[in-house]
Each structure stands twice: as structure tokens, then as C-alpha cells.
Amino acid sequence: MGKYLSTLKKLEDMGSLQTLVCVKHVKQEVAEEWDESMPLPGDIIEGYAENDVDELFFPAKAKSDLSSQLGKISQRLEAIWVKVRRGDGILKLLVRIVPEKSSMLHRKFTIKAARDDRHVAVLGDLTLEQCTELQEMSRRVVNVDFKGFGKKGVKYDWKLKVATYLPDQRSVVVSSILFTPLKDEYSIEATTARCMAWFSAAVSSGAPLVFVNIQTEQIMTSEKPNFSGSGRDINWGTGRQQNQTTTMQIVKGIRLWFLPGVAEVLFELTPELGEARFGMDIKRTEEGFFCVYSVTKGSAADRAGLLELYEEANKNGNLLLISRLEGKSLMPSSSSSDGLLLCCDHNELREILSSAIDRLDGIEVHIMAWPKQSRPATSRADGAAILQPPSQYYSPPRL
């Protein structure tokens, strides 16, 4: 960091002719945590916009002008997009507007990284030469490990690997669910608690979920004023009309990653002439998963091996959950700020099954497997179906 500060001082001592709006330095001193999505020293700010649309970007002419515009925008929005020139490329970064703490009387404004409150940019009017030298310093910080070997691109047969090592070529194997903070939820700990309550409730009910990871995630939300009438509001302090403006804000959500069982087992259900249904009844659990709660003896589902699996799961107090139908995921994907779980439409699933029966078409069903669960001879489990986590990592909570 000492070399970085000496470089900055050297640049400040240089004369300037034509200048550009540039990031002089950032206040986050932990350089190891910088990444390319953040404003970096040397970034030339070419424009700013409220939305990520090229035609809506306004040019950044000088630091003072940009600071003034940021102050006006901050009255309506917390985050904006800036277009920066970095090396030979142009990047669009999502950033938040903040006042400069050193100039509270004059209310100057700057930007900081959307994902890190410590990463505040200090702007300045610098020459192209100064910007270039700062960019080189930033490149060295972000692209660490100069002592490593050089990199070389090698060919990889992605198509073959996907076809061989995924239980279904449309599968990503690992699943996730995003929890958005409730409207009255102002701490990340509260959102995390709800997330883990959902996971624990699912496992306790009999779902064979395997915990993988948990992380915070930035979510851009929008709110429109609840006005009625002509679409304008009266500012009672000035008596002027103001246009209604959508308020954009960034909140921190929690994303939980999990495996749908220690394996996904594929069953092919093939109806016979005269059969009016596949012979399995499906219902949705409280946590948003789809469960097979009965299997008809002698049906297509029974012939595929689901009855045997259902009886074993029922005996052990487990649920027989469907992870995918015809390759499409049936996992709950998110929890909204209203507390609602976003799940697959039950009626749509019923229509898919009915339509297949009408055409006497078979369907593919992937079932979430428990550890040491038997595999009926009619099931198919290959490729990623055997990529199970080590047993010491799988320990569902006992509640």
C-alpha cells in the first residue's frame, strides 16, 4: 500500500493539460479484496445513467459537475450505473451514491462499490497519462500472483463432459433458493435465520437435502409511489408538481445452495394402452417441494419402481420428492419480500402429466435419493448421480 500512495503523490505533482474524470484512489485499504466489478484507481468515468441502457448515459465532463449530478440523483435513487474506460475496454458498473465525508458542508458526492461499503472512490480530474499509470497499478493489484506460471488456453470437450457427467443434460446438479428480506426486516441475521429455518424444516419433514453453501447477494428492488390521480404529486413545501419516480434500492438477500438429495435417480414412466393416469399422486409440501404421496399398484409408476421406493421412504419417515419432471426443475427458487415462496405451478404439472397420458407418451421423473437408499432395477442413475458428497459432510439436523 505504501507504493500505491507514493504513486498517487507522484501523479498529483504532475502537471495537467486536458483532464478526465478519474478514480484517483479508493478508501478501502484491503487491496486483496478488490475485484473487477468495483471502481478501481485509474478508471476513467465516461458517463452515468439511472438504468443500464446505452442511450440513457450522460457524459461525465468534470469532477465538480459529476458530483453535482450525483447529489441530484441521490434524492431519488441509491444506486446508478457508471460507464468506465479501463485499458482498452469499456465497462458498466453498478455503484451506490454516497456523500464525501470530508466535505459535509458543501455536500459533495462520490460513488462506492455496490457490494462493499468500504470501497469508496475518491474522484479527481486527471490527465490520460495519470489515469493510465493508475490503471497499471490497479491491474497488478487485482491480477495477483506475478510469480506464477504463464497461462495457456487448452481445449476441453464441454459437450462430451455434459453428456457424460450430468444425470440430465439440462441439469445443473446443484440448486439454490434466494431469500429476499421482508419489508420490516433490516438485518442480514434475521434473513439468514429465516433461510436456515426453511432448510431445517425441509430436512426435518423428510426432505433429503444436502447443505452446500450460503452467501449474501445484492438484490436491486424498485418501489413506485402510491399516488392516485394525474400521475403527479404536489410538493407541499414549494407548491410545485413533481413527477412520480420509481425508487431503486439495493438490499442484501441470502442465497442457500443445496443438493437435491445425495443423488438424483431417473425413472421412466411408460403408460400402456387403456391407462388413464401414470398412477402417482403429487402434492406440494409447506417448503415448496413436490412429494409423491401415493403410488397405484400395477400402474406405470409402479412398473418404473416408484412403489417400492415410496414404501421404503414411508417406512423410514422420509419423503419421496421429485427434483425434476421432463428435465425441468421443480425446486422452489425464491422467497419474496412478502414472505411468499416462489414455486412451480401445481396445475401446470397436472396438465403436463395429463397431456402425456392422452398421447400415451412416457415421462422422465428424477427422484431425490437418501443415503443408503435402495435403487430399483428399473431406475437409471449414471454420471453425476454417483457424485455424492462425502458421508462425513452429510448430517441433517436433528430437531
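Remember, it's a predicted structure, so these values are computed and weren't measured experimentally. (Residues numbered from 1 in each chain as written. Predicted model: local features only at pLDDT ≥ 70, side-chain atom pairs only at ≥ 80, totals over all residues. Heavy atoms only, no water.)

**With respect to the overall build of the protein**
Helix and strand counts for the protein come out as eight helices and 20 strands. The buried share among the 399 residues of the protein stands at 40%. If you take every contact in the protein between residues at least 6 apart in sequence, the share linking residues at least 24 apart comes to 70%. Counting only carbon and sulfur atoms, one obtains 52% of the accessible surface of the protein, whose full area is about 23,200 Å². (Helix = DSSP H or I, 4+ residues; strand = E, 2+ residues; numbered from the N terminus. Buried < 20%, exposed > 50% of the residue type's maximum accessible area, 1.4 Å probe, protein only. Contact = heavy atoms within 4.5 Å. Areas by Shrake-Rupley, 256 points an atom, 1.4 Å probe, with all protein chains shown as cover.)

**Some thoughts on the pattern of salt bridges**
Going through the model one piece at a time under the given rule, you end up with 21 salt bridges. Between Arg255 and Glu217 there is a salt bridge; the shortest N-O distance is 2.6 Å. Residue Arg255 is found in strand E12 (residues 247-259), and its partner Glu217 is found in strand E9 (residues 210-223); the two are separated by 38 residues along the sequence. Taken together, the shared-partner salt bridges connect Asp52, Asp54, Lys83 and Lys92 into one network. (Salt bridge = Lys/Arg side-chain N within 4 Å of Asp/Glu carboxyl O.)

**A closer look at the packing of aromatic side chains**
Taken as a whole and judged by the stated rule, the model has seven aromatic pairs. It is Lys83 that lies over the ring of Phe57; its NZ or CZ is 4.6 Å from the centre. Above the face of the Tyr293 ring, Lys283 is positioned so that its terminal group lies 5.3 Å from the ring centre. (Phe/Tyr/Trp six-rings, centres within 6.5 Å; stacked < 30°, edge-to-face > 60°. Lys NZ or Arg CZ within 6 Å of the ring centre and 35° of its normal.)

**What to know about the environment of Ala62**
Within the element layout of this structure, Ala62 appears in the loop between strand E3 (58-59) and helix H2 (63-73). Taking the C-alpha atoms as reference points, Ala62 and Ile45, 17 residues apart in sequence, are found 9.5 Å from one another. Not counting residues up to four positions away in its chain, the partners in contact with Ala62 are Val21 and Asp125.

**Details of unusual backbone geometry**
A positive phi angle, near 55 degrees, is found at Glu326, a position not held by glycine. By secondary structure assignment, the location of Glu326 is in the loop between strand E16 (321-325) and strand E17 (328-329). Positive phi outside glycine occurs at Leu360, with the angle close to 55 degrees. Among the residues examined, Leu360 registers a relative accessible area of 37% and is labelled partly exposed.

**Topic: H2**
Those residues of H2 that fall on the buried side of the exposure criterion are Leu66, Ser67, Leu70, Gly71 and Ile73. Looking straight down H2, one finds that the buried residues subtend no more than 165 degrees of arc, so they occupy a single side. (Arc of directions from axis to C-beta.)

**Observations regarding the pairing of strand E2 (residues 44-49)**
When you tally the buried positions in E2, you get five out of six residues, the bulk of the element. Where E2 and strand E4 (residues 79-86) come together, five bridges link them in antiparallel fashion. Across the sheet, Ala49 pairs through a bridge with Trp81, a residue of E4. Pairing between E2 and E3: two bridges, direction antiparallel. Bridge pairing in E3 links Tyr48 to Phe58. (Pairing = 2+ DSSP bridges.)

**Description of helix H3 (residues 128-142)**
With 15 residues, H3 extends 21 Å from end C-alpha to end C-alpha; this agrees with the ideal 21 Å at 1.5 Å per step. What H3 keeps buried is the set Gln130, Cys131, Leu134, Gln135, Met137 and Ser138. Projected down its long axis, H3 carries its buried residues within an arc of 165 degrees, all on one side. (Expected span 1.5 Å × (residues − 1).)

**Concerning the confidence of the model for the protein**
Chain-level statistics for the protein give a pLDDT mean of 81 and a share of 78% at 70 or above. Within the model, pLDDT remains below 50 along residues 11-16, and this stretch shows nine contacts once partners closer than five positions in the same chain are excluded. Low pLDDT, under 50, characterises residues 227-242; the stretch is placed with 15 contacts to residues that sit more than four places away or in other chains. (pLDDT = per-residue confidence, 0-100.)

**Remarks on the nonpolar core**
Nonpolar side chains in soluble globular proteins tend to be buried together. Membership of the largest hydrophobic core comes to 29 residues, with the highest contact counts inside it found for Leu269, Met280, Leu306 and Ile363. Counting residues per element, the ones that place at least two in this core are strand E13 (263-269), strand E14 (280-284), strand E15 (290-295), helix H6 (300-304), helix H7 (306-315), E16, helix H8 (346-358) and strand E20 (363-369). With sequence-adjacent residues up to four places away left out, Leu269 is seen in contact with Phe278, Met280, Ala300, Ala301, Ala304, Leu306, Gly362, Ile363 and Val365. (Core = buried A, V, L, I, M, F, W, Y, C linked by side-chain atoms within 4.5 Å.)

**Considering the side chain of Ser335**
Structurally, Ser335 can be placed in strand E18 (residues 334-335). Those residues in contact with Ser335 that lie beyond four places of it in its chain are Leu178, Phe179, Thr180, Arg194, Leu340 and Leu341.

**Topic: the state of the cysteines**
Following the criterion strictly, the structure yields zero disulfides and no others. Summary of cysteine pairing: Cys343 is not part of a disulfide, and the nearest cysteine sulfur, belonging to Cys344, is at 7.4 Å. A relative accessible area of 24% means that Cys343 is categorised as partly exposed. (Disulfide = S-S within 2.5 Å.)

**Some words on the pairing of E13**
Side-chain direction in a regular strand flips from residue to residue, so the side chains alternate between the two faces of the sheet. Along E13, six of the seven residues are buried, which leaves the element largely enclosed by surrounding structure. One ladder, built from seven bridges, connects E13 with E20; its direction is antiparallel. Counted as the bridge partner of Ala263 is Ala369 from E20.

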